[in-house]
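# Commentary on secondary and tertiary structure
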Amino acid sequence: MTDTIRTLDQILALLADNTNGDISPQDLRDQTVTLNSFIVAAAALERVKRFSDLATLKAKPSTEFANFERVTVDSVNASGLLDSATLVYQSSDISATFIRKTVSVLTGDIDVGTDKINQVAHGLRTGQGALATGGDGLTPETVVYYIRGRLPNEYTLHPTYEDAVLNTNKVDITGTTAFSLKVLVDPDQSVYCTLTGGALDGSGGGFVREAIAMTNTWEVAWFPASGPDDTAQINRAILAAGTYAFVLFPIDTLVFSNRDNDGVGLWKLSGQHWEGVSRELSILQLSSAVTDIRHNIRSVDLCNDFTITKLCFDGNRDNITPSVDLYSYFNMITGPEGGKRGRYRNIKIINSWGRSLQTGYESGTIFAEDMIVDDVIVLNSGTKAQSLTKTLGGKITNSYSEVNCYTSAENNGLGAASSGSCFESNECTDASICGNKGVQVGATIRGPGLRSVNASGGTTEFFGNEIDGASYLLFLRSTGDETAYNNVGRNIQGNAVLIGDSDEVEQTNKVVRLFNNKIIDPTAAFVVLSVIKASNDSSVTSFIHDNDFIKDAGTPTHGIYNNGVSSPATGGTCTVHAWANNFVGSIPNQKSGPADYEIQPAPNQGWTVVEQSSVAVSHTGDTSETNLAVVTIPAFAMGKNGRLRVTATWSYPNSANNKITRFRWGGSQAYASTLTTSTHQRAQIEIANRNDLAAQVSMLPGGLYGFGLSSSAVSTYTKDTTANVNLNISGALANSGETIVLESYIVEAFYQI
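Helix and strand content of the protein chain: 4 helices and 59 strands. Each of the 753 residues in the protein chain was classed as buried or not, and the buried ones make up 54%. Pairs at least 24 apart in sequence give 72% of the contacts found in the protein chain among residues at least 6 apart.

What follows is the structure, encoded as structure tokens:
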């Protein structure tokens, strides 16, 4: 006699026999299996309640379906996640599994050598279970095989779900005898969730299932009635705050798909924690039928305190033919705008046509704060792999990016992904990208390794990163200060470092510090500097020091190449200080470019003596102004906010005749004093740059000694301190028979950026 699950009335009817003490062993067995089914269902439902915050649930037995126990929703949570629903527990009896469809496998479909079944557009998905009706080497009707259907025209069978996901332990098909596969909705489901009255064939609900031999976490995977892209039902399904454990998906087509081409986001992640069992097994794959999605997983504005971890997002690049511009569409994960404390940890993003992970949101207006990307792997990204966009205090660390930039032909002729960086800071404030590894593998298009672009109110730091095969190790073109140190670049396909003004129209006024980096074998220059912004004169000051520039097997063309200010710009500055850099190997043109004269050594810090002398220099015999000392002030000696200090002592006869002492700055009078009945004078002036290398100010050109009060305006000058400027100390006599002597002088420069 078989064990039978009975209703309560049936059990009580049997127990009435107890008046005679006549309870059979079979009665006890029936009672045991009945209670066990309730116990297992109750445990499953309690986990659903705890992890997904779905509803308050009560067990309610039913005989409507064989081998099922139906449970109804008694109340809903505050978010109104489900207004009414039914949860159905199924026992492990295979005879009760749902058959979604039957697939005929013909003799010609079977490849015995590889154990593959070749069928064009088979439509099967990795992780689906199936019963075989026969087949050589297969057990008919009683053993569930798991399908690996990653490629559209072939699939294999595996003994477990995990084997199918990891492509291990393929089932050995020993012959070509034809058979059929009865593809199951999900042979291992525990709790099936539907709207009240919904069909139980998998078309209108989803599963809560336990990970086999791994963990006791659960996942809720929704299959909306009108297909996987039914935004309204998906929004109802999983928008509440709480923990969502995505453990083992019964299909590998991502149901979280946004069909709205205007970019309206699908998820609001505030307070949510998305977690899988591992980023190798918990896979969310984009449907190959989708050709125009803008943002696949987008956390919309003002999302706070959320985490995505232990998940794999598969963009299914090999099986999707896009119909739109990939630069703006097919982004795998984006957002949020204006959110705080978001965490992306221990996840993988693979096979994405568009941007793989964009933390923050490009078209937003509010900065996202404290966004952390940690231990994220990106493989086969079609363009930018991992980026911080409009973030305050964002960070990418301990992560890996592989970029295979799409070509213009792959993008409907709309342009290639030449800016497809491994790691990027875009319009960020106080961002850091550190401790990462990146590689560019495109056959024809390579993007930058590390990139900083566009407006920025603060600094971006790149340190401790390793980049291989990129078009640049560092592409630094934001408006904010940038610092890069302890980075390594190998096999760079072009200029290793580009330093310039912003990609956008804003005026750039920034400082770049590049030190302790190692660059090996770029195909062009190690460092290129350039200011090109038209209509907004930009100022870029760079400090390049203590770097290793190494020629091993490559053919670099230049060391540090300063292009200076170039077309279309008509003004601005490109100031470079380079010192203590180690050039290894035969590297030509170590200091070169149209503005190579602007590549200066280490800047002086504080006051430094340009020139001084206490050897007397005299003049007599005529009444002309005569130079007693001419001091050349080297280019860039002052910096944009530096200054010059000149101190001199003259002696002369005590008489009623005029004796005139002067300082001239680049030919312009900066100080003059007419002396008569005294014997000597000590005077001092300061000339200061006004945050501009070609604009100066000084006081009292005609005053006494260079100190005190004056009713005259200050003196201003427009001498270009990016070139050498002469400082003249002179004397003049009204009586040619007298003598004026320059007894001593000192000229000092104070450098400040």
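Alright, that's what it looks like, and here's the rest.
A few words now on the sheet that holds strand β53 (residues 659-665). Strand order in the open sheet made by the 4 strands is β51-β58-β53-β54, with antiparallel pairing throughout. The open sheet has two edge strands, β51 (626-633) and β54 (668-675), and neither has a second partner. Neighbour-to-neighbour, the strand axes of this sheet turn through a mean angle of 10°, independent of strand direction. Inspection of the sheet shows β51 paired to strand β58 (residues 725-733) by 7 bridges, in the antiparallel sense. Within β58, the residue paired with Ile633 across the bridge is Val725.

So, on to the nonpolar core. Ranked by size, the top nonpolar core spans 65 residues in total, and within it Phe313, Ile333, Tyr344, Leu474, Ile499, Val527 and Ile544 carry the most contacts. In terms of residues, this core owes the most to one element, strand β41 (residues 525-531), which gives 4 residues.

This paragraph deals with the pattern of salt bridges. Here the structure, examined in full by the defined rule, presents 14 salt bridges. Between Asp374 and Arg345 there is a salt bridge; the shortest N-O distance is 3.8 Å. A residue pair is termed long-range when its members are at least 10 positions apart, and Asp374 in strand β24 (residues 372-381) and Arg345 in strand β21 (residues 340-350) qualify at 29 residues. We classify Asp374 as partly exposed; its relative accessible area is 21%. Where Glu625 meets Arg662, a salt bridge forms, and the shortest distance between an N and an O atom there is 3.7 Å. With a gap of 37 residues between them, Glu625 in the loop between β50 (617-620) and β51 and Arg662 in strand β53 connect regions that are remote in the sequence.

Attention now goes to the side chain of Gln119. By the secondary structure assignment, Gln119 is in the loop between β6 (116-118) and β7 (129-132). Gln119 sits in the buried class, given a relative accessible area of 11%. Among all residues touching Gln119, those that are not within four sequence positions of it are Val103, Ser104, Val105, Asp109, Pro152, Asn153, Glu154 and Tyr155.

The subject of this paragraph is the environment of Asn346. Relative to the assigned elements, Asn346 resides in strand β21. Since its relative accessible area comes to 23%, Asn346 is described here as partly exposed. Note: C-alpha distance between Asn346 and Val373 (27 residues apart in sequence) is 8.9 Å. Here the side chain of Asn346 touches Arg279 through a polar contact of 3.2 Å, side chain to side chain.

The subject of this paragraph is the packing of aromatic side chains. How two aromatic rings sit relative to each other is given by the distance of their centres and the angle of their planes. Under the counting rule described, the total for this entry stands at 9 aromatic pairs. Arranged with centres 5.2 Å apart and planes meeting at 70°, the rings of Tyr472 and Phe475 form a pair that is edge-to-face. You can call Phe475 buried: its relative accessible area is 10%. Sitting over the ring of Trp353, Arg317 keeps its end group 4.6 Å from the ring centre. Here the guanidinium or amino end of Arg645 rests over the ring plane of Trp607, the centre of that ring lying 3.9 Å away.

Looking now at the environment of Gly447. For Gly447, the position within the fold is in the loop between β31 (437-440) and β32 (450-454). Here Gly447 falls in the buried class, since its relative accessible area comes to 0%. Considering only alpha carbons, one finds Gly447 and Cys405, 42 residues apart in sequence, at a separation of 7.0 Å.

Assignment of secondary structure puts Gln590 in the loop between β46 (582-584) and β47 (591-592). By relative accessible area, Gln590 is classed as partly exposed at 36%. Each C-alpha atom of the pair Gln590 and His558 lies 5.6 Å from the other, and the pair is 32 residues apart in sequence. Those residues in contact with Gln590 that lie beyond four places of it in its chain are Gly559, Ile560 and Phe583. Of note is the side chain of Gln590, whose polar atom sits 3.4 Å from the backbone oxygen of Ile587.

The side-chain alternation of β7 yields two buried faces, one formed by Gly129 and Leu131 and the other by Ala130 and Ala132. Taken together, the 3 bridges between β7 and strand β8 (residues 144-148) define a ladder with antiparallel strand orientation. By the bridge assignment, Gly129 is partnered in β8 with Tyr146.

Thresholds, definitions, all that
- Counting from 1, residues in each chain are numbered in the order their sequence is written.
- Since the coordinates come from a predicted model, pLDDT governs what is reported: local features require at least 70, and pairs of side-chain atoms require 80 or more to be given and counted, while whole-chain, interface and lining totals use all residues.
- Side-chain descriptors were evaluated using all non-hydrogen atoms of the structure, hydrogens and water having been removed beforehand.
- Per the convention used, a helix needs a DSSP run of H or I reaching at least four residues, while a strand needs a run of E reaching at least two, with both numbered from the N terminus.
- Whether a residue is buried, partly exposed or exposed follows from its accessible area with a 1.4 Å probe, protein chains only, as a fraction of its type maximum: under 20%, in between, or over 50%, in that order.
- Residue contacts follow a heavy-atom distance rule, with two residues in contact if any of their heavy atoms lie within 4.5 Å.
- Each pair of strands is called paired provided DSSP finds at least two bridges between the two strands.
- Note on definitions: angles span 0 to 180 degrees between N-to-C directions of axes, and those axes are lines fitted to C-alpha atoms, for helices only across the stretch in contact.
- What makes a nonpolar core is a set of buried Ala, Val, Leu, Ile, Met, Phe, Trp, Tyr and Cys residues whose side-chain atoms join them at distances within 4.5 Å.
- Salt bridges, as used here, are contacts in which a Lys or Arg side-chain nitrogen is within 4 Å of a carboxyl oxygen on Asp or Glu.
- Nitrogen and oxygen atoms within 3.5 Å of one another constitute a polar contact, given that in protein one can donate a hydrogen and the other can accept it, and given that sequence-neighbouring residues count only through two side-chain atoms.
- Within 6.5 Å between ring centres, the rings of Phe, Tyr and Trp (the latter by its six-membered ring) count as paired, and their orientation is classed by plane angle as stacked under 30 degrees, edge-to-face over 60, tilted in between.
- The rule for a charge over a ring is simple: NZ of Lys or CZ of Arg within 6 Å of the ring centre, and within 35 degrees of the ring normal.

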